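Structural features, examined
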Amino acid sequence: MNAPLPLAATERMQRQQTVVAALAAVLPSHALLWQGEDTVPYECDGLTAYRQLPLAVALPETEAQVAAVLKACHALRVPVVARGAGTGLSGGAMPHPMGVTLALAKFNKIVKLDKVSRTAVVQCGVRNLAISEAAAPLGLYYAPDPSSQIACTIGGNVAENSGGVHCLKYGLTLHNVLKVRGFTVEGEPVEFGSDALDAPGLDLLPLVVGSEGMLAVTLEVTVKLVPKPQLARCIMASFDDVRKAGDAVAAIIAAGIIPAGLEMLDKPMTAAVEDFVHAGYDLSAEAILLCESDGTPEEVAEEIARMQAVLERCGATRIEVSADEKQRLKFWSGRKNAFPASGRISPDYMCMDSTIPRKRLADILIAIGQMEKKYGLKCCNVFHAGDGNLHPLILFDANDPDQLHRCELFGADILETSVAMGGTVTGEHGVGVEKLNSMCVQFTPDERAQMEGVKQAFDAAGTLNPGKVIPTLQRCAEYGKMHVKKGLLPFPELERF
């Protein structure tokens, strides 16, 4: 005789039956998954350390089906988590255990390309890189280029306000999007921005871009396209000291130069990527910089010469300029493959994402080196150095609970040290579930209450991607007590560093 199910399991099963019945009424059978083995692929996003099965996964194929799913879930007060390609790194698409995952991968059509207005209208499931591939015959491309661009979707880019190696010159997702169209949590159509440079009424587009799927469900995005530059060249500069490399970044910007890309890799990361893609990196360097210029041949020649002069003054031990497009792409292949390269040398890694003032790049690298000893874990570092966006990759084995715990402490230490240095806990990966505690450190209770007020204005029931981004008062209170016990500063003092 089978033992009775625990009360929580029984409640979940009953809830699941109700939800599946409601969704089965508005979706074809092949567009609804609810058996455990079918929902496992959706249990996490790129932050694989945290996993949770949803009650069901809806895979709508039409906008009407999306609206119907949202209306059904809203009527039942069931949480909904929108999901794109699942490449996010902060747990933003991790399912709710009593909710529905709304998988939007089937919305993958490029609706319109307009050479005259230099825009593209694309569905949310279109891959970032696919936009540039489609626009290439028109001599145009989509500028934001996260390292996951081969797989990540524009809907996810909007949710996280993604950047990339060329965001220093061309901006983040926010600066390259004109309009976002989708549905509210109640299943009602909503539109942010416009096809023009301005929209009537309140400008809510900057609010929804980067809102991590908490305010609305994105289905269609109008993006800006830019002309492909006539020429692009990349400098690879080596440094025998991380402080010299960090100072060189600040010196380039101080000289009035805004490179198309300005990236930094430390020695462990350089070794990992060179073994993987053979990009021609200097393995003896403590840090290398990749500095790119694009534009007309005349503009590029002048800017490359100016950057070389700055790099030489800052103590670069080796400077190599790409001789042709093949070598330029080879230089960038290392940076673009930093994450998979790290995956080759460690069972797991946790990629952090904070920002600091450019002048503190060397300070944070030195601090991370000290943390490696403190937590007994290795860390490879790659930075969007031009805008101070850090991506430390902490190497660990998730099969060892102690290593996972130390990794979490290591990551929190990086984030909170970034805040203490005048930075923020996130740059482009979002808060999700990963950085909830660190949000307690950076923002005051009043500031978090303002964020919650915005959430309530869009989603009064709190069912759209709940439990993420904005920590509860109780959570922050408990985390604050842990801080004091560990001998750390209480939050208000840290916030004013």
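Residues numbered from 1 in each chain as written. Predicted model: local features only at pLDDT ≥ 70, side-chain atom pairs only at ≥ 80, totals over all residues. Heavy atoms only, no water.

With that settled, consider the overall build of the protein. Secondary structure summary: the protein contains 18 helices and 19 strands in total. Within the protein, the fraction of its 497 residues that count as buried is 54%. Residue pairs in contact within the protein that sit at least 24 positions apart in sequence constitute 71% of those at least 6 positions apart. Here the protein displays about 21000 Å² of accessible surface, and carbon together with sulfur accounts for 56% of that area. Counting 46 positive and 58 negative side-chain charges, the protein places the centres of these two groups 0 Å from one another. (Helix = DSSP H or I, 4+ residues; strand = E, 2+ residues; numbered from the N terminus. Buried < 20%, exposed > 50% of the residue type's maximum accessible area, 1.4 Å probe, protein only. Contact = heavy atoms within 4.5 Å. Areas by Shrake-Rupley, 256 points an atom, 1.4 Å probe, with all protein chains shown as cover. Lys, Arg positive; Asp, Glu negative; His and termini not counted. Charge placed at Lys NZ, Arg CZ, Asp CG, Glu CD.)

Locating leucine 172 in the fold gives a position in the loop between α6 (167–170) and β8 (177–183). The spatial distance from the C-alpha of leucine 172 to the C-alpha of aspartate 402 is 37 Å, given a sequence separation of 230 residues.

Moving on to the pairing of strand β18 (residues 379–384). Summarising burial for β18: six of the six residues are buried, a large majority. In β18, alternate side chains face the same way, and those of Cys379, Asn381 and Phe383 on one face and Cys380, Val382 and His384 on the other are all buried. In the sheet, strand β13 (residues 261–266) pairs with β18 via two bridges, with the strands oriented antiparallel. Within the sheet, the bridge partner assigned to methionine 264 lies in β18 and is phenylalanine 383. Inspection of the sheet shows β18 paired to strand β19 (residues 389–396) by six bridges, in the antiparallel sense. Following the sheet pairing, histidine 384 is matched in β19 by asparagine 389. (Pairing = 2+ DSSP bridges.)

We now examine the packing of aromatic side chains. Applying the stated criterion across every chain, the model contains four aromatic pairs. Their ring planes at 75° and their centres at 6.4 Å tell us that tyrosine 141 and tyrosine 170 sit as a pair that is edge-to-face. Residue tyrosine 141 is found in strand β7 (residues 140–141), and its partner tyrosine 170 is found in helix α6; the two are separated by 29 residues along the sequence. Relative to tyrosine 349, the ring of phenylalanine 339 has its centre 6.1 Å away and its plane inclined at 50°; by these criteria the two rings are tilted. Of this pair, phenylalanine 339 sits in helix α12 (residues 338–345) while tyrosine 349 sits in strand β16 (residues 348–351), and the two are ten residues apart along the sequence. Judged by its relative accessible area of 26%, tyrosine 349 is partly exposed. (Phe/Tyr/Trp six-rings, centres within 6.5 Å; stacked < 30°, edge-to-face > 60°.)

Right, let's get into the sheet that holds strand β1 (residues 32–33). An order of β1-β2-β4-β3 is seen for the four strands of this open sheet, with the pairing classed as mixed. Looking at which strands have only one partner, the edges of the open sheet turn out to be β1 and β3 (80–83). Relative to strand β4 (residues 100–103), β3 runs parallel, the two sharing four bridges. Of the residues in β4, the one forming a bridge with valine 80 is valine 100.

Take the pattern of salt bridges next. Evaluation of the coordinates by the stated rule reveals 21 salt bridges. Of the charged contacts, one joins aspartate 145 and lysine 336 as a salt bridge, the two residues approaching to 3.4 Å between their closest N and O atoms. Highlighted residues: aspartate 145 in the loop between β7 and α5 (154–160) and lysine 336 in helix α11 (residues 325–336), separated in sequence by 191 residues. Its relative accessible area of 8% is what places aspartate 145 among the buried residues. For lysine 336, a relative accessible area of 19% gives the class buried. Between glutamate 263 and arginine 335 there is a salt bridge, with the nearest N and O atoms lying 2.7 Å from each other. Note that glutamate 263 is positioned in strand β13 and arginine 335 in helix α11, a separation of 72 residues in sequence. It is possible to trace a salt-bridge network through shared partners that takes in Glu63, Arg181 and Glu220. (Salt bridge = Lys/Arg side-chain N within 4 Å of Asp/Glu carboxyl O.)

Attention shifts here to the packing of helix α8 (residues 242–254) against helix α10 (residues 297–313). Their axes nearest at 9 Å, the elements α8 and α10 cross at an angle of 140°. It follows that α8 is oblique to α10 by the angle criterion. Crossing angle aside, the handedness with which α8 passes α10 is right-handed. Taking contact as the criterion, the partners of Ala248, Ala251 and Ile252 in α8 are, on α10, Met307, Val310 and Leu311. Looking at the contact of α8 with α10 residue by residue, the class counts come to six nonpolar, no polar and no charged. (Axes fitted to C-alpha atoms, helices over the stretch in contact; angles between N-to-C directions. Parallel < 35°, antiparallel > 145°, perpendicular 65-115°, else oblique. Left-handed = near helix turned anticlockwise from the far one by under 90°. Nonpolar A, V, L, I, M, F, W, Y, C, P; charged D, E, K, R; others polar.)

What follows concerns the nonpolar core. By size, the foremost hydrophobic cluster in this structure holds 56 residues, and its most contacted members are Phe239, Met264, Leu311 and Phe410. Counting residues per element, this core draws most heavily on helix α13 (residues 361–375), at seven residues. Look past the residues within four positions of phenylalanine 410 in its chain and what remains in contact with it is Ile368, Met371, Glu372, Tyr375, Leu377, Cys379 and Ile394. (Core = buried A, V, L, I, M, F, W, Y, C linked by side-chain atoms within 4.5 Å.)

With that settled, consider the state of the cysteines. Scanning the model with the defined rule gives one disulfide in all. Residue cysteine 440 pairs covalently with cysteine 476 via a disulfide, S to S 2.1 Å. Negative torsions about the S-S bond denote left-handed disulfides, and the value of about -80° found for cysteine 440 with cysteine 476 makes this one left-handed. Pair noted here: cysteine 440 is in helix α15 (residues 436–442) and cysteine 476 is in helix α17 (residues 473–485), with a separation of 36 residues, a long-range link. Not part of a disulfide, cysteine 44 finds its nearest cysteine sulfur in cysteine 407, a span of 15 Å. Between cysteine 291, a cysteine without a disulfide, and cysteine 234, which holds the nearest cysteine sulfur, the sulfur-to-sulfur distance is 7.0 Å. (Disulfide = S-S within 2.5 Å.)

Its location among the elements puts cysteine 124 in the loop between β6 (119–123) and α4 (128–135). On the accessibility criterion, cysteine 124 (4% relative accessible area) is buried. Remark: the alpha-carbon pair of cysteine 124 and threonine 222, spanning 98 residues in sequence, is separated by 10.0 Å. Once residues within four sequence positions are removed from consideration, cysteine 124 is found in contact with Leu104, Phe107, Thr153, Ile154, Gly155, Thr218, Leu219 and Glu220.

Taken by themselves, the reported measurements are silent on function.
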